[in-house]
Amino acid sequence: MNSPVAQALLLVVIAAIMNAAYVLPMKLNKKWQWEHSWFAFSILGVALVPTLIAMATVPHLWSTYSSVSFKILILMALFGAGWGVALVFTGLAWRRLGLAITFAVSLGTSAAVGALTPLVAQHSDRLMTRQGGLIFFGVLIILVGVGLCGLAGYRRERETQLDRPVPREGYHRGLLLAFLSGILGSMLNLGLAFGGSIQRAAQEHGASVAMMSNAVWLPCLYAGCVPGVIYCYYLMRQRKTLGQLTLAGTWYYWPVSASMGFLWFGSIILYSISTVKLGALGPVIGWPLFLGAIVIASTVLGVATGEWANTGKTPIKIMIFGVSCLVLAIAILGYASNIDMTRSESTLRFTPPDPLSELTNDPFSHGVLNNEY
């Protein structure tokens, strides 16, 4: 496990398991509806918990932002707001399409956009190389794998009658919402890809290489939690259920929602570290790896909790084939990252990008690897 790529893959797997499981504590909030739990999670898990972790891991956190261009902070906030809107769109698409199709379209789109945008914007010199070809091929296999897992989920739901048939009207709107949620959802990764100047400022203020990305997430998450809070508040007002937030015997629902934040943001931290270990193309390769591993982890958790019981052989066969595609894609992207390691293995220190090169074609604009954690 001395290889940086192997270490990164292990971190991605652990992060994916945490990310696939972070909504499980919500099941304890039995007196709340989804919007109540998500309202509490948006405030505590998306805003408060990351703030506490960032303050504990980034020395002089607030001074870090004073040395960063205001334009970069605005860019991070826009990325975060886009990601926050994506969560709302996902919920709206889910009502029209069901979970399986929404999951496949949204994650597949996010994997492609979140990987290819920084590749084209920051590393265009690698597009026509062997490494670039492997990245494109790996992302394509992930799209196929996620699509097959979505098909398997659709067949499972149909055969077990867990979902009502999707009404004809609204179906195409649901597809559009799922597609848009994938595009906007990828913006969380773009925040990391284009937040190198914040990483460097955090490192200059004493943050370790492993934890410097925590400073990047806060501007994204502060803006990202707002759409979820507004949407959930709107649902509670519309359904006249605001009072359920303070029902007797529900006080512990709030720390439960905070625990969701520890799982979720913990997965984001591990993903951030994995991108450093993956080298210059960390967010390019790491994002589809992360999303592909989440699909695998959520599928395994679904099998372990009995979601695939009595569904027949066909959905399981499709699911196995889809997961196999994702495993293959992870191997391909891991190999592509290993090519990157050979280009930067002589570099001894992680150097986040200069703000002026944030949107340039500098092949090392995300920084290069440092194994001294």
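When helices and strands are counted, the chain shows 13 helices and 0 strands. A buried classification covers 56% of the 373 residues belonging to the chain. A total of about 16,200 Å² of accessible surface is found on the chain, and carbon and sulfur atoms cover 68% of it.

A word on empty space enclosed by the protein. Inspection of every chain in the model, using the stated rule, returns 1 cavity of 30 Å³ or more. The volume enclosed by the largest cavity comes to roughly 40 Å³. Around the largest cavity, the lining residues are Trp38, Phe41, Ser42, Val46, Trp83, Leu87, Gly224, Cys225 and Gly228. Where the lining of the largest cavity is concerned, the elements lending two or more residues are helix H2 (34–57), helix H4 (70–97) and helix H10 (214–238). A per-element tally of the lining of the largest cavity places H2 first, with 4 residues.

On to H4. Side chains of residues three or four places apart in an α-helix project in the same direction, reflecting 3.6 residues per turn. Taking 1.5 Å per residue, 28 residues should reach 40 Å; H4 reaches 40 Å between its end C-alpha atoms and fits that length. Two to three positions downstream of the cap, the backbone nitrogen of Lys71 sits 3.2 Å from a side-chain oxygen, assigning the N-cap of H4 to Ser69.

It is worth spelling out unusual backbone geometry at this point. In this structure, His60 is a non-glycine residue whose phi angle is positive, near 55 degrees. Backbone geometry places Lys240, a non-glycine residue, at a positive phi of 55 degrees. With respect to the helices and strands, the residue Lys240 is situated in the loop between H10 and helix H11 (253–277).

To continue, consider the pattern of salt bridges. Pairing is possible between side chains of opposite charge, provided their charged atoms come close. Counting across every chain of the model gives 2 salt bridges. Residue Arg239 pairs with Glu35 through a salt bridge whose shortest N-O separation is 2.9 Å. With Arg239 in the loop between H10 and H11 and Glu35 in helix H2, the pair connects residues that are 204 residues apart, well separated along the chain. When its relative accessible area of 39% is taken as the criterion, Arg239 is described as partly exposed. For Glu35, a relative accessible area of 3% corresponds to the buried category. The salt bridge involving Glu204 is made with Arg200; its shortest N-O contact spans 3.9 Å. Of the two residues, Glu204 and Arg200 are both situated in helix H9 (residues 196–204); the distance of 4 residues between them amounts to about one turn of the helix. Arg200 sits in the partly exposed class, given a relative accessible area of 22%.

Let us look at the packing of aromatic side chains. Applying the stated rule across the entire model yields 16 aromatic pairs. Ring geometry for Trp83 and Trp264: centres 5.5 Å apart, planes at 20 degrees, overall stacked. You can see Trp83 sitting in helix H4 and its partner Trp264 sitting in helix H11, a full 181 residues away along the chain. Taken as a pair, Trp83 and Trp264 share a single burial class, namely buried. The rings of Tyr22, Trp34, Trp38, Phe41, Trp83, Tyr231, Trp264 and Phe265 are connected pair by pair, giving a single aromatic cluster.

Another point: H11. Compared with the 36 Å implied by 1.5 Å per residue over 25 residues, the 37 Å span of H11 between its first and last C-alpha is a close match. In terms of burial, H11 is largely enclosed, as 20 of its 25 residues are buried. Once H11 ends, the next one or two residues include Gly279, with phi positive near 90 degrees.

This brings us to the packing of H11 against helix H12 (residues 282–304). Their axes nearest at 9 Å, the elements H11 and H12 cross at an angle of 135 degrees. With respect to each other, H11 and H12 are oriented oblique. The handedness of the crossing between H11 and H12 is right-handed. Contact with H11, carried on its side by Ser267, Ile268, Tyr271 and Thr275, involves Gly282, Pro283, Gly286, Trp287 and Phe290 of H12 and no other residues of that element. Here the contact of H11 with H12 is built from residues that sort into 5 nonpolar, 4 polar and no charged.

So, on to the nonpolar core. Counting residues in each nonpolar core, the largest one holds 102 residues, and the members touching the most others are Ile198 and Trp264. Leaving out residues up to four positions away in the same chain, Ile198 has contacts with Thr64, Tyr65, Val68, Ile72, Leu73, Met76, Ala215 and Val216. Counting residues in each nonpolar core, the second largest holds 5 residues, with Ala93, Leu97, Ile101 and Leu177 among its members.

In this section: the environment of Leu218. As for its position among the elements, Leu218 is in helix H10. Between the C-alpha atoms of Leu218 and Leu48, which are 170 residues apart in sequence, the distance is 9.7 Å. In this structure, Leu218 is in contact with Pro50, Thr51, Ala54, Leu61, Trp62 and Tyr65, ignoring residues within four places of it in sequence.

On the surface, Leu48, Leu52, Met55, Trp62 and Tyr222 cluster together into a nonpolar patch covering about 500 Å² of accessible area. Broken down by element, the nonpolar patch gets its largest block of residues, 3 residues, from H2. Residue placement: Leu52 occurs in helix H2. Since its relative accessible area comes to 47%, Leu52 is described here as partly exposed.

Here is what the cut-offs are and how they apply
Residues numbered from 1 in each chain as written. Predicted model: local features only at pLDDT ≥ 70, side-chain atom pairs only at ≥ 80, totals over all residues. Heavy atoms only, no water. Helix = DSSP H or I, 4+ residues; strand = E, 2+ residues; numbered from the N terminus. Buried < 20%, exposed > 50% of the residue type's maximum accessible area, 1.4 Å probe, protein only. Areas by Shrake-Rupley, 256 points an atom, 1.4 Å probe, with all protein chains shown as cover. 1 Å grid on protein atoms, 1.4 Å probe; cavity = no way out; pocket = protein on both sides within 12 Å on 5 of 7 lines; lining within 4 Å. Points joined across faces, edges and corners; volume = space filled by probe spheres on them. Expected span 1.5 Å × (residues − 1). Polar contact = N/O pair within 3.5 Å; in protein donor to acceptor, adjacent residues only side chain to side chain. Salt bridge = Lys/Arg side-chain N within 4 Å of Asp/Glu carboxyl O. Phe/Tyr/Trp six-rings, centres within 6.5 Å; stacked < 30°, edge-to-face > 60°. Axes fitted to C-alpha atoms, helices over the stretch in contact; angles between N-to-C directions. Parallel < 35°, antiparallel > 145°, perpendicular 65-115°, else oblique. Left-handed = near helix turned anticlockwise from the far one by under 90°. Contact = heavy atoms within 4.5 Å. Nonpolar A, V, L, I, M, F, W, Y, C, P; charged D, E, K, R; others polar. Core = buried A, V, L, I, M, F, W, Y, C linked by side-chain atoms within 4.5 Å. Patch = residues over 30% accessible without salt bridge, like charges linked within 9 Å, V, L, I, M, F, W, Y side chains within 5 Å.

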